[in-house]
Structures are given as structure tokens and as C-alpha cells.
2 protein chains.
Amino acid sequence: MKYPNSIKKPTARITNYANRGMSLESDLNITNSYYLESNVAVIYKKPTPIKIVKVCFDAKKNATITEAYFKLPSTTDYNGIYKGRYVDFEAKEVHGKKSFPLTNINKHQINHIRSIMEHGGIAFVIVRFTILNKTFVLKGEDLITAVDNKQVKSIPLSLFESNGYVIEESYLPRLDYIKIIDKVYLGGQK
Amino acid sequence: MKYPNSIKKPTARITNYANRGMSLESDLNITNSYYLESNVAVIYKKPTPIKIVKVCFDAKKNATITEAYFKLPSTTDYNGIYKGRYVDFEAKEVHGKKSFPLTNINKHQINHIRSIMEHGGIAFVIVRFTILNKTFVLKGEDLITAVDNKQVKSIPLSLFESNGYVIEESYLPRLDYIKIIDKVYLGGQK
């Protein structure tokens, strides 16, 4: 198995808890590298949007950014292609164990998910309840229904359990969310 | 016409030369905002990839990045969805008037374009010859053919003229490359 530079080979997990220290982002990066290497899908995390204010150059013309600020993202973090389909998602970790607060996703990202679905893309969120060590896919449609109900400020765990799909964790791929895309969007049933 | 924040309303062009000072990137940003606002396509430029080394926080916990470096991009700059299809491209300005040096696109980007085509996506480059004030779409297939011919170090203007497609400039959309996608990839012929 060849790994791209800077991605360490994941070590085998002994129990369900061994993985706890690993962030959802690292798990997804490892998973996406695996999908890329094994020619399953081409999905990348977008770089963090940054407003660059000052750049200095040394004698060799190497640039160092010396003043910059984080910007609010206007789209989701991940997108790419799988079986010819456009795939787009946002990934979030939740520290509580009862619900996913909607403040975790900004308005631009919600509108982006809405547009992607209107244009025929596959859009969803991946939410990990860290304490429970459970990671779900929730379809964009279910997210939008919750957001459009103005009285709702968070999505309860029970909705993830009834409408969402648990992503199985394994050695490789670490978080096989493509299996869920196959099942949910490309012909299969839950 | 409603414009998104931070995008200025483009001023009307008087002659072909009025646009010369405007970079290809600004033209594409204006075009993509127009596509987004008029619900034609959802295509974004990815943020510049940056390696953040040091972040400082003030008393109000606002973050300022005080040391960061530019990273080599591993994918192209633009991607999104049009009529349900995954669209991916790189955009470059050339200052010479005879050819497009292949050093303008790094190996990771070439491999990315190759993978996107293998997975059924629409991949191309947009190249502007600044001096000639001409902007072309060249299909990923033609780019790859040139790259795979090890003796070739640049793509001559004549290849853009024979195999590429000139993007018409207008008021709105500024650079209507979607028209070319329609013609070239979605049923039309040159």
C-alpha cells in the first residue's frame, strides 16, 4: 500500500476506543487518500479560507505570510467526484451526546448544500458524536428540513439514529462513507 | 441584479482593450458569482493552500496568523457542479504570445485532471494569452496528450486555435465558459 507524502500509515485499532484521540478531519483525510490511491473516488478537503494581509520576502524571494486572518467559509469543506457524480459535504464533531447544534453550520454553508442538491449533486453532513464514538451521515434533505423549521435550534441524536446512517469504522478505509453513498444515493435502500 | 458582497458591479467595456487590466481570476470570480446568482451553476475557486505555523490571540480571543507559508496546490483551483455534472478546471494567464509553457501547471494538478476525467468529470484548462487578449478553453484530453509527449515543453498558440475554444467576453456573464461546456461536453459540436 503506497501512501501519499505526509499521510502516515494508520495503525490498527484494538478496540472501539483506540480511535478516540483521532479527529474526524484526520480520519476523513486518511479515508480520502485511500479512495484516491485505490481509484475509488476523488474527494479533497478544501484549504481553510484565509485573508492574507501582509507577505514578506527574504533575499531568496521566499514568501512568508506575516499577517493573515481566518475567513468564514462560504461553502462546505469537502467536495469531489464519485462514479461520475458530484459529491459535497461538511464534517463536524459534536462534544455533547444529545444533539447537534445548528450553530455548527453557517448560513452560507446551508445555502451551498441547498444549491448543490438543486443542481443534482449529492450533498450531506458527516457528524461525529465524540463521546459516543459514533459517526453518522445525514442527508442534505434532512438537514434542510431541520434548518427550515425555525423553532429547531439543534438536531437531536434520535434523528441521526432514525434518518441517518452510521459510518462503520475499520482499518482501511478508516471511515467508509462511500459505502453509504452507494446504499443511499446510488440504488440501494437503507 | 443582486451582487454578492465584496464583488463589485462590473463596469461596461467600451473596447476589447478596456478589460486588459482585469485579471483572469477576477473575471472568473465575477462570472462564477453570476452563475451562482442566476442559478446556472455552482462553481467556486478553492482557497489558496497555506501552511499555518503561528497564530496569536488577542484579549478578545480574535486570531491573527503571524507566520504562514504558501503550499503547492495538489488540485486545480476551480470546481463545482453544472447540470448535475462535476466540473473541474485550472486557469492560467500567459504573458508570451506564442505558447503556454507546461511549467505553469504542476504534476499534482496534471494527475488530478487525469483522475477527474477517469471518474467521468468534465476537466479542462482556461488559458488567457494576455497580450492577445484571447481566452481559450482547452480540454483536459488535449492537455494530457501534450504532457504525455515528453519532448513537448509548451503548448503552441496554434493548438489552442485548432483544438481549443475561444471564450467570448461580454458584460454578463463576463467570461461565458459554460456556453463552451454545453457545446463541447453536453451534446453540441464545435
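Structure: above.
Residues numbered from 1 in each chain as written. Chains lettered and ligands numbered in written order. Predicted model: local features only at pLDDT ≥ 70, side-chain atom pairs only at ≥ 80, totals over all residues. Heavy atoms only, no water.

Once that is clear, we can look at the overall build of chain A. For chain A, the count of helices and strands is five helices and ten strands. Per-residue burial over chain A gives 43% buried out of 190 residues. Taking the intrachain contacts of chain A between residues at least 6 apart in sequence as the baseline, contacts between residues at least 24 apart amount to 65%. Roughly 9,900 Å² of accessible area belongs to chain A as shown, and the carbon and sulfur atoms make up 52% of that amount. (Helix = DSSP H or I, 4+ residues; strand = E, 2+ residues; numbered from the N terminus. Buried < 20%, exposed > 50% of the residue type's maximum accessible area, 1.4 Å probe, protein only. Contact = heavy atoms within 4.5 Å. Areas by Shrake-Rupley, 256 points an atom, 1.4 Å probe, with all protein chains shown as cover.)

For the rest of this paragraph, the subject is the environment of K153 of chain A. All names here are of chain A. Looking at the element boundaries, K153 is found in the loop between α3 (140-148) and β9 (154-156). Relative accessible area serves as the criterion here: at 70%, K153 is assigned to the exposed category. A C-alpha to C-alpha distance of 5.7 Å links K153 and L102, two positions 51 residues apart in sequence. Not counting residues up to four positions away in its chain, the partners in contact with K153 are P101 and L102.

Let's shift gears to the packing of helix α2 (residues 107-118) of chain A against α3 of chain A. Residues and elements named next belong to chain A. Relative orientation of the contacting elements α2 and α3 amounts to 130°, with a least axis distance of 10 Å. As far as their axial angle goes, α3 and α2 are oblique. Judged by the sense of rotation from one axis to the other, the crossing of α2 with α3 is left-handed. Contacts between α2 and α3 involve I110, I113, R114 and M117 on the former and, on the latter, G140, E141, L143, I144, V147 and D148. (Axes fitted to C-alpha atoms, helices over the stretch in contact; angles between N-to-C directions. Parallel < 35°, antiparallel > 145°, perpendicular 65-115°, else oblique. Left-handed = near helix turned anticlockwise from the far one by under 90°.)

It is worth spelling out the pairing of strand β5 (residues 85-94) of chain A at this point. Residues and elements named next belong to chain A. Where burial is concerned, most of β5 is hidden: seven out of the ten residues are buried. Taking the residues between adjacent antiparallel strands as the criterion, strand β4 (residues 78-82) and β5 are bridged by two residues, where K83 takes a positive phi near 45°. Sheet topology note: the β5/strand β7 (residues 122-129) ladder contains eight bridges and is parallel. Bridge assignment links V87 to a residue of β7, and that residue is I122. (Pairing = 2+ DSSP bridges.)

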